[in-house]
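# Overview (structure and organization)
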Amino acid sequence: QVQLVESEGGLVQAGGSLRLSCAASGRIFSINSMGWYRQAPGKQRELVATITYGGHTNYAESVKGRFTISRDNAKNTVYLQMNSLKPEDTGVYYCNADIMVTPAHKFTTYWGQGTQVTVSS
């Protein structure tokens, strides 16, 4: 069993900051890419940022320069530091990770349960 557990989101004023974390636990042999996605009400889930095991990052244009993704491979944890938050950043944030449970298995994508982030104007 593999679990991804996210930290609580929260309510923050526009211009404020918030840090999310997501820890993977359970039967894990290796983790490749980890990332954050979000879903606003009435919209499709969209990519926010991803990071490879080696630290290569990729960001959505809308968050570049404001959000920073990082990871601690020893703790199987990915972080999302969100600065200069805007009301349009509001949504449910999901973490995901590509995990190999044993060398006999392929990488499989797992998702966290989602955490609400609300930015007030």
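Residues numbered from 1 in each chain as written. Predicted model: local features only at pLDDT ≥ 70, side-chain atom pairs only at ≥ 80, totals over all residues. Heavy atoms only, no water.

With that settled, the discussion passes to the nonpolar core. Trp 36, Leu 80, Met 82 and Tyr 93 are the most contacted members of the largest nonpolar core, which has 29 residues in total. The set of elements that each furnish at least two residues to this core consists of strand 1 (2-6), strand 3 (18-26), strand 4 (30-39), strand 5 (46-51), strand 7 (67-72), strand 8 (77-82), strand 9 (91-100) and strand 11 (115-120). Tyr 93 has contacts with Glu 6, Leu 20, Trp 36, Tyr 37, Arg 38, Val 48, Phe 67, Leu 80, Met 82, Gly 114, Thr 115 and Val 117, leaving out every residue within four places of it along the chain. (Core = buried A, V, L, I, M, F, W, Y, C linked by side-chain atoms within 4.5 Å. Buried < 20%, exposed > 50% of the residue type's maximum accessible area, 1.4 Å probe, protein only. Helix = DSSP H or I, 4+ residues; strand = E, 2+ residues; numbered from the N terminus. Contact = heavy atoms within 4.5 Å.)

This part covers the state of the cysteines. What the rule picks out here adds up to 1 disulfide. Each sulfur in the disulfide pair Cys 22 and Cys 95 lies 2.0 Å from the other. Given an S-S torsion of about 45 degrees, the disulfide between Cys 22 and Cys 95 has right-handed geometry. Of this pair, Cys 22 sits in strand 3 while Cys 95 sits in strand 9, placing them 73 residues apart in sequence. Cys 95 carries the same exposure label as Cys 22, and that label is buried. (Disulfide = S-S within 2.5 Å.)

What follows covers the environment of Glu 46. Examined against the element boundaries, Glu 46 turns out to sit in strand 5. Owing to a relative accessible area of 37%, Glu 46 belongs among the partly exposed residues under this scheme. Each C-alpha atom of the pair Glu 46 and Trp 36 lies 8.9 Å from the other, and the pair is 10 residues apart in sequence. Leave out the neighbours within four places in its chain, and Glu 46 touches Tyr 37 and Arg 38.

Here Thr 77 shows up in strand 8. Within the structure, the side chain of Thr 77 is placed 2.8 Å from the backbone oxygen of Lys 75, a separation counted as a polar contact. (Polar contact = N/O pair within 3.5 Å; in protein donor to acceptor, adjacent residues only side chain to side chain.)

A sheet is described by the order of its strands in space; here 4 strands give the open sequence 1-3-8-7, paired in antiparallel fashion. Taken across any chain shown, the strands that pair with only one partner, and hence form the sheet edges, are strand 1 and strand 7. This sheet shows a mean twist of 15 degrees between the axes of neighbouring strands, independent of strand direction. As paired strands, strand 1 and strand 3 are joined by 5 bridges and run antiparallel to one another. The residue bridging Val 5 from the neighbouring strand is Ala 23, located in strand 3. (Pairing = 2+ DSSP bridges. Axes fitted to C-alpha atoms, helices over the stretch in contact; angles between N-to-C directions.)

Our focus in this paragraph is the pattern of salt bridges. Opposite charge on two side chains permits them to pair, given that their charged atoms come into close proximity. Overall, the coordinates contain 4 salt bridges when judged by the stated rule. Across the salt bridge formed by Glu 46 and Arg 38, the nearest N and O atoms sit 2.7 Å from each other. Note that Arg 66 is salt-bridged to Asp 89, the shortest N-O span being 2.8 Å. Of this pair, Arg 66 sits in the loop between strand 6 (57-59) and strand 7 while Asp 89 sits in the loop between strand 8 and strand 9; the two residues are 23 residues apart in sequence, bridging distant segments of the chain. Each member of the pair, Arg 66 as well as Asp 89, carries the same accessibility label: buried. (Salt bridge = Lys/Arg side-chain N within 4 Å of Asp/Glu carboxyl O.)

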